[in-house]
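# Observations on chain architecture
Residue-level listing of the chains:
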Amino acid sequence: MTEDPILSVRDLTLDIPTAGGMLHAVRGIDFDLHRGETLCIVGESGSGKSLTSLALMGLLAPKIQRSAARIDFDGTDLLKASRRQLRHLRGARMSMIFQEPMTSLNPAYTIGDQLAETLLLHRKVSRAQARARAVELLEKVGITAAESRLSQFPHQLSGGLRQRVMIAMALMCEPELIIADEPTTALDVTIQAQILRLLVDLQREMNMAMILITHDLGVVARVADKVAVMYAGELVETGPAEAIFRQPAHPYTRGLINCIPVPGRTERGARLGTIPGIVPSLVGEVTGCPFRRRCDQAVEACAHAIPLHRLDGDTHQLRCVHPDGHRHEEVTA
Amino acid sequence: MLRFILKRLGLALLVALTVSFISFSLLFLAGDPAIAIAGESANAKDIQAIRELYGFDRPMLVQYADWLWNALRFDFGQSYYFKLPVADLIAERLSVTMTLGVCGILFALLTAVPLGVIAAIRPNSLIDRIALFLSVAGQAMPSFWFGLILIVVFAIQLGWLPASGASSWQHFIMPTVVLGYYAMPAIMRLTRAGMLEVLSADYIRTARAKGAPEGRVLFKHALRNAIIPVVSLAAVQMGFMLGGSIVVESIFALHGAGYLAWESIGRNDLPTVQALILVFALFYIVFTFLADVLNAWLDPRMRSA
Amino acid sequence: MTALPDIAEITGPTPGQQLRKRMFGHQGFMIGAIFLALLVLVAILAPVLAPHDPYAQSLGDRMVRPVFMGGTWEHPLGTDHLGRDYLSRLIYGAQISLLIGAIAALISGLIGTTLGIAAGYFGGRVDAVVTFLINVRLAMPVVLVALAVVAILGGSLNVVIGVLGLLLWDRFAVVMRASTLQIRNREFVAAARAIGCSTPRILLSEILPNILNNLIVVVTLEMAHAILLEAALSFLGLGVQPPTPSWGLMVSEGKNMMLFEPWLVLIPGAVLFLLVLAINLMGDGLRDVTAPENRN
């Protein structure tokens, strides 16, 4: 992998001013993503996953303050890009699929109008061409009678169909990067697997880079090339999916993986792993490891600056006072 | 949609019928209409003759049925004062009132909607505060006083605009402002509230994620949804406005239907007053009916229902 | 063992305390409430405060200008076309406006609240009938009907109050109906029904107290509405009759001299505007403080 990454993020930090003080929602996020790769960002709700994805798209609410050492999209510095440049990237070269298919489509316009709009905004095509492309993509996302769907309004479609429409809309301009923010959480369990399968197939077929945000490790295990584990606004562990599942290093990651029931190995009726405790407040100064109050490996040093360790060479990174995530006698002594 | 229209139409007709009965009953509130026609000094024999001539000696419901039957054919009887058919009198005056009403509602929409949109884009900004203050102040302003102030400033002091009459378009400027400002606060507030709600909707984020320019996001994606309730409010306000034109027309001596109503009330010209109440009520009924239909048509969820 | 914290520490301020705090913190509400309270005081103390008899004519002192336009302190706001002291008439006019506003709002409030609660609570046919009545009422052109009735029955204070009271109940009915609909299926109403409370008891002690805040807001708005309408009727010559010092009538009387003495129109109109503004500010403020989640 000597090719330059399509997306490179260094030290991304998001601060939200609140009545109680500054809320440090996301702190010092780093990652690289190459063409054709799928990065899964995993974490509990409130850990800053969605904010991170909105920050990459430049869709944060105005009051949220973004800073970073670098956000580079295929040679374009997104930190310095003008609103106009960003607009030309959004929808055309980087697309986003949201969590709420029921409310993410405009109720006042037909499916066809909304699909065509994406193409018409970015390419010099006729309305007829845009609609033809819309039909093509609706078929691609598995919607039958695509032609007749164009004149339907969002309220006439089910949640699963709407999410397929959202996916089609995101793919209209063949983007190089697609960000999917928990695209299946709002859907029925039976539909979830279908939509996910579809998303992964399309990603492979079109050789897109994908950031999939989820709290479902089962999903991650199936689709991820890379995994980034997020806790309370920090990436505590990142690395190749295979390495993370084989040898989870961070106590939090280990806790998460223990929560997955494994067919055959987890006994029927056995207690699944849980991680006791609550997420710390991120308002005001945040120091040390945010996980230390829930961590069974915590030591005194956890309240201070946390070093970054590299395992397996370069790609597997761990943010923990313990070089391999485990407390050893010499550290506690 | 068709079922909705038919149902709504039935309701409108029923309301119209009830209003017609109430406005007809007003005549009987007055005591003996025959005395009103004959004048205070008339003798008993004349009054009896008038009573028979106009049919006042029949039971009230019979008279109402008779009046309604005629009203359905646009025959509202003779004006006591002008001795002319009431329908002709009103028809002659309506164009002024309608012009005023249309100008008024356009003025209100053209000022209130942009103001509401700007206020919603920048909530709690200076513009938002000014807009909110204007809407509170606007609701408190007595329209007759506002009209007189405009006359003092623009007709008397500055001499820019004519104070009364209806012979040129300049004559309609001040009446339009006075009539229109009355509807502004409500439209402004509803636009602002609607935009605030819509702007935080997920589909607005979707539009931005598509790379739509901000103007397109605001006007094509947001306003299109926020404007739906404003349309029906505007129609309701239009109905109220025509009813309220009586004050404005009397201040600016615009000889419209409102002015006719004011004069006729002063002259005890009951058939004219009755007919005017019915006509103004019908305007309201028609406008709200149209608003509901338009509303249903603008909202795809209702259109296909 | 640490000592148990104070109860107050756990529960925080009571809803009443919170409400009072929000009220005093709300600029618009406070400005409106203070101005209205002052005006009520002026109206009550009119016989003490008014420098002259509001009806006393003095043909020698006609249209004396107010003190800030070169007049004297004898008549601080000048005199009208019959030489009556303008300030005294304004002070007594406050009585008229407040009386009309309060009683008309009371009458229409009774009618509208009864209809609205009945429609909201019973639903079905009752609701259909009330909704129909509201529609009919909204279709009636208020100014025109009020003018016609006042013209027929004669323009006395009682007639004006009665007509306005009978005409302005629509908003009460609409708001009370919606508020009742919102709470009629809540647990405490169901509980009252389950323990066998009578319907009137449920309406009065379960429903009404819980929609009272909305009711008070409508009372203020309709009071302002009634005051404005009375002024408009009197201005058109078919409301309160001369020589009663109604502000609308004063504007109407000053209108003929407007060309030379515009203050005759400006002063009573401005006072009317300020009163209505104060009541509206108070009403809007009340809406904000009683339902902060409904703001914007």
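What counts, and where the lines are drawn
- Residues numbered from 1 in each chain as written.
- Chains lettered and ligands numbered in written order.
- Predicted model: local features only at pLDDT ≥ 70, side-chain atom pairs only at ≥ 80, totals over all residues.
- Heavy atoms only, no water.
- UniProt positions renumbered as here; feature names shortened; annotations may be inferred.
- Contact = heavy atoms within 4.5 Å.
- Buried area = accessible area lost by both parts, 1.4 Å probe.
- Salt bridge = Lys/Arg side-chain N within 4 Å of Asp/Glu carboxyl O.
- Polar contact = N/O pair within 3.5 Å; in protein donor to acceptor, adjacent residues only side chain to side chain.
- Helix = DSSP H or I, 4+ residues; strand = E, 2+ residues; numbered from the N terminus.
- Pairing = 2+ DSSP bridges.
- Nonpolar A, V, L, I, M, F, W, Y, C, P; charged D, E, K, R; others polar.
- Domains from an automatic or database assignment.
- pLDDT = per-residue confidence, 0-100.
- Disulfide = S-S within 2.5 Å.

An unreviewed UniProt entry lists chain C under the name ABC transporter permease, with Paracoccus methylarcula given as the organism. What the UniProt record of chain C gives under Subcellular location (unreviewed entry) is the line "Cell membrane". Check the Sequence similarities (unreviewed entry) section of the UniProt entry for chain C; it says "Belongs to the binding-protein-dependent transport system permease family."

Looking at an unreviewed UniProt entry, one finds chain A named ABC transporter ATP-binding protein, with Paracoccus methylarcula as its source organism. Under the heading Sequence similarities (unreviewed entry), UniProt records this for chain A: "Belongs to the ABC transporter superfamily." UniProt's Subcellular location (unreviewed entry) comment on chain A is quoted here verbatim: "Cell inner membrane".

### Describing the arrangement of the chains
By number of contacts, the leading pair among the two pairs of chains in contact is chains B and C. Across all C-alpha pairs, the smallest distance from chain A to chain C is 17 Å, and the two are not in contact.

### Focus: the interface of chain B and chain C
Every contact between the two is made by 43 residues of chain B and, on the other side, 41 residues of chain C. Carbon and sulfur atoms supply 83% of the area buried between chain B and chain C, which totals about 3,700 Å² over both sides. When residues of chain B are sorted by the area they lose upon contact with chain C, Phe 144, Trp 145 and Ile 265 of chain B head the list and together hold 17% of the total. The interface formed by chain B and chain C contains one salt bridge. With its nearest N and O atoms 2.8 Å apart, the salt bridge here joins Asp 284 of chain C to Arg 189 of chain B. Viewed at the interface, chain C and chain B are joined by three residue pairs in polar contact (both at pLDDT 80 or more). Where the side of chain B that touches chain C is concerned, the elements lending two or more residues are α1 (2-29), α6 (126-140), α7 (143-157), α9 (184-199), α11 (214-251), α12 (257-266) and α13 (270-298) of chain B.

### Details of the pairing of strand β1 (residues 7-18) of chain A
All names here are of chain A. Relative to strand β2 (residues 21-33), β1 runs antiparallel, the two being bridged by nine bridges. The residue bridging Pro 17 from the neighbouring strand is Met 22, located in β2. Between β1 and the antiparallel strand that follows it, β2, lie two residues. Summarising the sheet, β1 and strand β5 (residues 70-73) pair through four bridges and their orientation is antiparallel. By the bridge assignment for β5, Val 9 is matched with Ile 71. For β1 and strand β4 (residues 65-67), the ladder comprises three bridges, and the chain directions are antiparallel. In the strand pairing of β4, Thr 13 is matched with Ser 67.

### A few points about the UniProt feature "transmembrane region" (unreviewed entry) in chain C
Per the UniProt record, the feature "transmembrane region" (unreviewed entry) sits at residues 29-50, 96-122, 142-169 and 260-279 of chain C. As annotated, residues 142-169 of chain C comprises 82% helix and 0% strand, and the C-alpha atoms at either end are separated by 11 Å.

### So, the interface of chain A and chain B
The partner chain B presents 20 residues to the 26 residues of chain A that form the contact. With both sides pooled, the region where chain A packs onto chain B buries about 2,200 Å², and carbon together with sulfur makes up 57% of that total. Inspection of the chain A/chain B interface yields three salt bridges. On inspection of chain A and its partner chain B, the count reaches 14 residue pairs in polar contact (both at pLDDT 80 or more). Residue assignment for the side of chain A that touches chain B shows that the elements contributing at least two residues are α1 (49-57), α2 (83-89), α3 (111-122) and α6 (159-171) of chain A. Element by element, the count of residues in the side of chain A that touches chain B is highest for α3 of chain A, at five residues. Among the residues forming the side of chain A that touches chain B, the class breakdown is 12 nonpolar, nine polar and five charged.

### Structural notes on the domain arrangement of chain A
Residue and element names in this part refer to chain A. On domain assignment, one finds that chain A holds domain 1 (7-93 + 173-263 + 272-330) and domain 2 (101-172). Just the C-alpha atoms count here: the centres of domain 1 and domain 2 sit 30 Å apart. At the junction of the two partners, domain 1 supplies 21 residues and domain 2 supplies 16 residues. Between domain 1 and domain 2, the buried area comes to about 1,500 Å², and carbon and sulfur atoms account for 68% of it. At the junction of domain 1 with domain 2, the criterion picks out two salt bridges. The partner of Glu 205 in a salt bridge is Lys 140, and the shortest N-O contact between them spans 3.1 Å. Counting the contacts that link domain 1 with domain 2 gives seven residue pairs in polar contact (both at pLDDT 80 or more). Only α2 and α7 (189-205) provide two or more residues apiece to the side of domain 1 that touches domain 2. With seven residues, α7 is the single largest residue contributor to the side of domain 1 that touches domain 2. Taken together, the residues of the side of domain 1 that touches domain 2 sort by class into 14 nonpolar, three polar and four charged.

### Considerations on the confidence of the model for chain C
Residues and elements named next belong to chain C. Per-residue confidence for chain C averages 84 on the pLDDT scale, and 93% of its residues sit at or above 70. The low-confidence segment residues 1-10, where pLDDT is below 50, has one contact with residues more than four positions distant or belonging to other chains. As scored by the predictor, the complex reaches a pTM of 0.82 and an ipTM of 0.85.

### Some remarks on the state of the cysteines
One way to say it: the disulfide is the covalent bond shared by the sulfur atoms of two cysteines. Taken as a whole, this structure holds zero disulfides over all chains when the rule is applied. Cysteine Cys 302 of chain A remains unbridged, with the sulfur of Cys 289 of chain A as its closest cysteine sulfur at 5.9 Å.

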